[in-house]
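Architecture at a glance
Spelled out, the chains give:
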Amino acid sequence: MEVQIISKEIVKPSSSTHPRTYNLSLLDQLAPQLYVPMIFFYSSTGESSCKKSHHLKTSLSKTLTHFYPFAGRIKDGFSIDCNDEGASFSEANVAGKMSLIVDEPDIDKLEKLLPCNPRDVSPERSSQVMLAVQVNHFDCGGMAVGVCIWHIIADISAVASFLTSWAAVARGFGDDIEGVIFDCTSLFPPLDFQGFSYCESRKEDLSNIIVKRFVFDSSKLAALREEIGSRRCLDPPTRFEAIAALIWRAVMAEIEEENENETKTNETSIAAVAVGMRKRMIPQLPKLSIGNIYEAAIAHCSKNDEELPDYNGLARKLHESIGKVNNDYVKKIHSDGGYMQLLRKIGEELGEKPSFGFSSWCKNQFYEVDFGWGKPTWVGTALKLYKVAVLMDTKDGEGIEAWVSLAKEDMVKFEQNPGIRAYSSFKLTHTINVWG
């Protein structure tokens, strides 16, 4: 797939009536040093590419007046200079049919549709754009809009708020956007890390990592939830809990196989789950709050001498750990230096024991991102991490697509796991417009 960049410019806010500084919270300071990447695919509508691009640039400029920190630059470890320097906006022509990407997405090809490498963060923070967009025009007439937002200013909920707001502005509903900015420094006071959280953050070697998408359609997901909920009187788990339990057990099976010739028993496995806090705080935080407002829930599970835990037990562990992350918990750990002590403890555990991370991007209405020519045919990502699963909704909102990253040799075994084979597929269950 050949992608040719045909233009690149900076889009600035259409007006400037905002504070000059946006203060970072502790959770912003500790955010992963990467961009959050999203790619939206749209079937051909017959409208010219030039007209669509102009419409996107104009509406983006208007949207940035509401999300003004997204057009700023890092000032220091405590704040963003809201100087309206703008967001990067690129256009590209793509040789080939969009359907070939959507039907069998490959992360290496998807990365070419992004405006930057999600992990390519410059040490010169003051020149780093917060937001970058690439509009990709396919030969068939289809279009893919790739968006990268720096994690320091937005978790996945904030990313969704920005994208749905941008789409609303594009459709002429920009007057409905209110209460975008929320200062979380009172809840999560920043600390002086002397540059550590930015310049010296650990980067894994991803040369041996492979990322694959596993599709769990609504019928198989319903069957999995019923299977888990039918045992030991556990209520049916959420979609996330069911899929996370399935993936976690498959990863534990790999660990067991690796240790089968050793004398290890009762090996403890850890699952780390990113839990959004906007609705869990009392009072709830504004829906359009930007920044990073999430905490990590840590679930532990030990294998006994005879067999791995079943899905029911793992789902229950996940449910209990997530449930503990509430308003009281957050206030407790962020008082008297408790949060940093907790981070050190978690770091030690994750470093010593087998672990796997989960991030749910579900229920964020990404399929509602309509810029005026219809809802997206498919929404994907291109984020390469290590031992992490990112869960996203399928188009019907009932199924889940799990993007799983593992070492190449582990992925081979993961794909052959009986549970993964029974409940997932590697292809989409819907088709796209023949013109895309």
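The rules behind these values
- Residues numbered from 1 in each chain as written.
- Predicted model: local features only at pLDDT ≥ 70, side-chain atom pairs only at ≥ 80, totals over all residues.
- Heavy atoms only, no water.
- Pairing = 2+ DSSP bridges.
- Helix = DSSP H or I, 4+ residues; strand = E, 2+ residues; numbered from the N terminus.
- Axes fitted to C-alpha atoms, helices over the stretch in contact; angles between N-to-C directions.
- Contact = heavy atoms within 4.5 Å.
- Left-handed = near helix turned anticlockwise from the far one by under 90°.
- Nonpolar A, V, L, I, M, F, W, Y, C, P; charged D, E, K, R; others polar.
- Phe/Tyr/Trp six-rings, centres within 6.5 Å; stacked < 30°, edge-to-face > 60°.
- Core = buried A, V, L, I, M, F, W, Y, C linked by side-chain atoms within 4.5 Å.
- Buried < 20%, exposed > 50% of the residue type's maximum accessible area, 1.4 Å probe, protein only.
- Domains from an automatic or database assignment.
- Buried area = accessible area lost by both parts, 1.4 Å probe.
- Salt bridge = Lys/Arg side-chain N within 4 Å of Asp/Glu carboxyl O.
- Polar contact = N/O pair within 3.5 Å; in protein donor to acceptor, adjacent residues only side chain to side chain.

**Points about the sheet that holds strand β11 (residues 294–302)**
Strands in a sheet are paired, the pairing made by backbone hydrogen bonds, and the direction either parallel or antiparallel. Read across the open sheet, the six strands follow the order β9-β15-β14-β12-β10-β11; overall the sheet is mixed. Here the strands that pair on one side only, and so sit at the sheet edges, are β9 (209–216) and β11. The average undirected angle you get between the axes of adjacent strands in this sheet is 20°. One ladder, built from nine bridges, connects strand β10 (residues 268–276) with β11; its direction is antiparallel. Within the sheet, the bridge partner assigned to Val-273 lies in β11 and is Ala-297. Helix α11 (residues 338–352) rests against β10, β11 and β12 (355–360) of the sheet, and its axis sits at about 40° to β11. The sheet contacts of helix α12 (residues 408–415) involve β9 and β15 (400–407), and relative to β15 the element is tilted by about 135°.

**Points about the environment of Lys-317**
By the secondary structure assignment, Lys-317 is in helix α9 (residues 311–323). Taking the C-alpha atoms as reference, Lys-317 lies 47 Å from Gly-141; in sequence the two are 176 residues apart. Dropping the residues within four chain positions of it, Lys-317 is found in contact with Trp-248, Ala-299 and His-300.

**Topic: unusual backbone geometry**
The residue after Ile-282, namely Pro-283, is reached through a cis peptide bond having omega -5°. The backbone phi angle of Asp-84 is positive, close to 60°, even though this residue is not glycine. By the secondary structure assignment, Asp-84 is in the loop between β5 (79–81) and β6 (87–94). The backbone of Gln-365 sits at a positive phi, close to 60°, despite the residue not being glycine. Locating Gln-365 in the fold gives a position in the loop between β12 and β13 (378–380).

**Quick word on the packing of helix α8 (residues 239–258) against α12**
Viewed as axis vectors pointing N to C, α8 and α12 meet at an angle of 115°, and their least axial separation amounts to 10 Å. Judged by the twist between their axes, the crossing of α8 over α12 is right-handed. Between α8 and α12, the contacting residues are Ile-247, Ala-250, Val-251, Glu-254, Glu-257 and Glu-258 on the first element and Asp-410, Lys-413 and Phe-414 on the second. Grouping the constituent residues of the contact of α8 with α12 by class yields four nonpolar, no polar and five charged.

**Regarding the packing of aromatic side chains**
Here the structure, examined in full by the defined rule, presents 15 aromatic pairs. Judged by centre distance (5.1 Å) and plane angle (25°), the ring pair of Phe-70 and Phe-162 falls under stacked. Of this pair, Phe-70 sits in the loop between α2 (49–64) and β4 (73–76) while Phe-162 sits in helix α5 (residues 156–170), placing them 92 residues apart in sequence. A ring pair is formed by Trp-166 and Phe-371, whose centres lie 4.8 Å apart and whose planes are at 65°; its orientation type is edge-to-face. One end of the pair, Trp-166, is in helix α5; the other, Phe-371, is in the loop between β12 and β13, and 205 residues separate them in sequence.

**Overview of the nonpolar core**
Core analysis: the largest hydrophobic core is formed by 81 residues, its most contacted members being Met-38, Phe-41, Ile-153, Phe-162 and Leu-163. Here this core takes 10 residues from α5, the largest share from any one element. In this structure, this core is formed jointly by two domains, domain 1 (2–171) and domain 2 (209–423), each of which donates at least three residues. Once residues within four sequence positions are removed from consideration, Met-38 is found in contact with Leu-114, Val-145, Gly-146, Val-147, Ile-156, Val-159, Leu-163, Trp-361, Phe-366, Val-379, Gly-380 and Met-392. Membership of the second largest hydrophobic core comes to 56 residues, among which are Phe-216, Ala-271, Ala-299 and Ile-333.

**Some details on the domain arrangement of the protein**
You'll often see interface size given as the accessible area lost when the parts meet. Partitioning the protein into structural domains gives domain 1 (2–171) and domain 2 (209–423). Contacts between the two partners involve 54 residues from domain 1, matched on the other side by 40 residues from domain 2. At the boundary of domain 1 with domain 2, total buried surface from both sides reaches about 3,900 Å², with 68% on carbon and sulfur atoms. Counting the surface domain 1 buries against domain 2, the share from its top three residues, Leu-27, Tyr-42 and Ile-107, is 17%. The tally of links between domain 1 and domain 2 comes to one salt bridge. There are 16 residue pairs in polar contact (both at pLDDT 80 or more) connecting domain 1 and domain 2.

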